[in-house]
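The primary structure of each chain is shown beneath.
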Amino acid sequence: MRDTELADVMALERELQTASVRADPSRLVELLAPDFEEIGASGRQWDITSILEMLAGEDEDMSDIEVHGLTGRVIADGVIILRWQSVRDECRVNRTSLWQRRPEGWRLVHHQGTPVGWA
């Protein structure tokens, strides 16, 4: 069961990095927890309201975010941590996402990005 859950959450993380999902507020609300928080690669802190506003302003022609080296592990029943590196527009960022299984399904509750340089 845990392997299936890990695979499911990894698929959700990959989906979240697509331009089509990032441009779809209703899908984002399904993936992000109401108490979602992020410390972005810029150092800025985001909550669900501010991240939805920011994503609404993204250029519709933006490319998908490339996901490299996606790994994860179950850290408690219903809690999965993922680690990966993103590449977009030659910028590389180490990322960590914390997903929690809630009654409505898996939700991203915390995300952090740390820049590592240029591709």
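Predicted model, so just to flag it, every value in this text is computed and none were measured.

## Notes on the overall build of the protein
Consideration 1: In terms of regular secondary structure, the protein is built from four helices and six strands.
Consideration 2: Taken against the 2.2 N^0.38 rule, which gives 14 Å for 119 residues, the C-alpha radius of gyration of the protein at 14 Å falls within 12% of a compact globule.
Consideration 3: Principal-axis analysis of the C-alpha atoms places the extent of the protein at approximately 35 × 30 × 25 Å.
Consideration 4: Long-range pairs, those at least 24 residues apart, make up 46% of the contacts in the protein with a sequence separation of at least 6.
Consideration 5: Carbon together with sulfur atoms contributes 50% to the accessible area of the protein, which is approximately 6,700 Å² in total.
Consideration 6: Here the protein contributes 13 positively and 22 negatively charged side chains, and the mean placements of these two sets differ by 7 Å.

## Describing the packing of aromatic side chains
Consideration 1: Applying the stated criterion across every chain yields a total of zero aromatic pairs.
Consideration 2: The aromatic ring of Trp-46 is capped on one face by Arg-44, whose charged end is 3.9 Å from the ring centroid.

## Brief notes about the pairing of strand β5 (residues 91-102)
Consideration 1: As paired strands, strand β4 (residues 79-88) and β5 are joined by 10 bridges and run antiparallel to one another. Looking at the pairing, Ser-86 lines up with Val-93 of β5.
Consideration 2: In this structure, the hairpin formed by β4 and β5 is closed by a connection of two residues, where Asp-89 is found at a positive phi of approximately 50 degrees.

## Notes on the nonpolar core
Consideration 1: Counting residues in hydrophobic clusters, the biggest one holds 23 residues, and the most contacted among them are Leu-16, Leu-32, Leu-82 and Trp-99.
Consideration 2: Broken down by secondary-structure element, the contributors of at least two residues to this core are α1 (2-16), α3 (25-31), β1 (32-39), α4 (48-56), β3 (66-76), β4 and β6 (105-118).
Consideration 3: Not counting chain neighbours up to four residues away, the residues in contact with Leu-32 comprise Leu-16, Ile-48, Ile-51, Arg-107 and Leu-108.

## Looking at the pattern of salt bridges
Consideration 1: As enumerated under the stated definition, the model contains seven salt bridges in all.
Consideration 2: For the salt bridge of Arg-27 with Glu-15, the shortest nitrogen-to-oxygen distance reads 2.7 Å. With Arg-27 in helix α3 and Glu-15 in helix α1, this pair connects stretches of sequence that are 12 residues apart.

Each value, and the rule that gives it
Residues numbered from 1 in each chain as written. Predicted model: local features only at pLDDT ≥ 70, side-chain atom pairs only at ≥ 80, totals over all residues. Heavy atoms only, no water. Helix = DSSP H or I, 4+ residues; strand = E, 2+ residues; numbered from the N terminus. Rg over C-alpha atoms; globule rule 2.2 N^0.38 Å. Contact = heavy atoms within 4.5 Å. Areas by Shrake-Rupley, 256 points an atom, 1.4 Å probe, with all protein chains shown as cover. Lys, Arg positive; Asp, Glu negative; His and termini not counted. Charge placed at Lys NZ, Arg CZ, Asp CG, Glu CD. Phe/Tyr/Trp six-rings, centres within 6.5 Å; stacked < 30°, edge-to-face > 60°. Lys NZ or Arg CZ within 6 Å of the ring centre and 35° of its normal. Pairing = 2+ DSSP bridges. Core = buried A, V, L, I, M, F, W, Y, C linked by side-chain atoms within 4.5 Å. Buried < 20%, exposed > 50% of the residue type's maximum accessible area, 1.4 Å probe, protein only. Salt bridge = Lys/Arg side-chain N within 4 Å of Asp/Glu carboxyl O.

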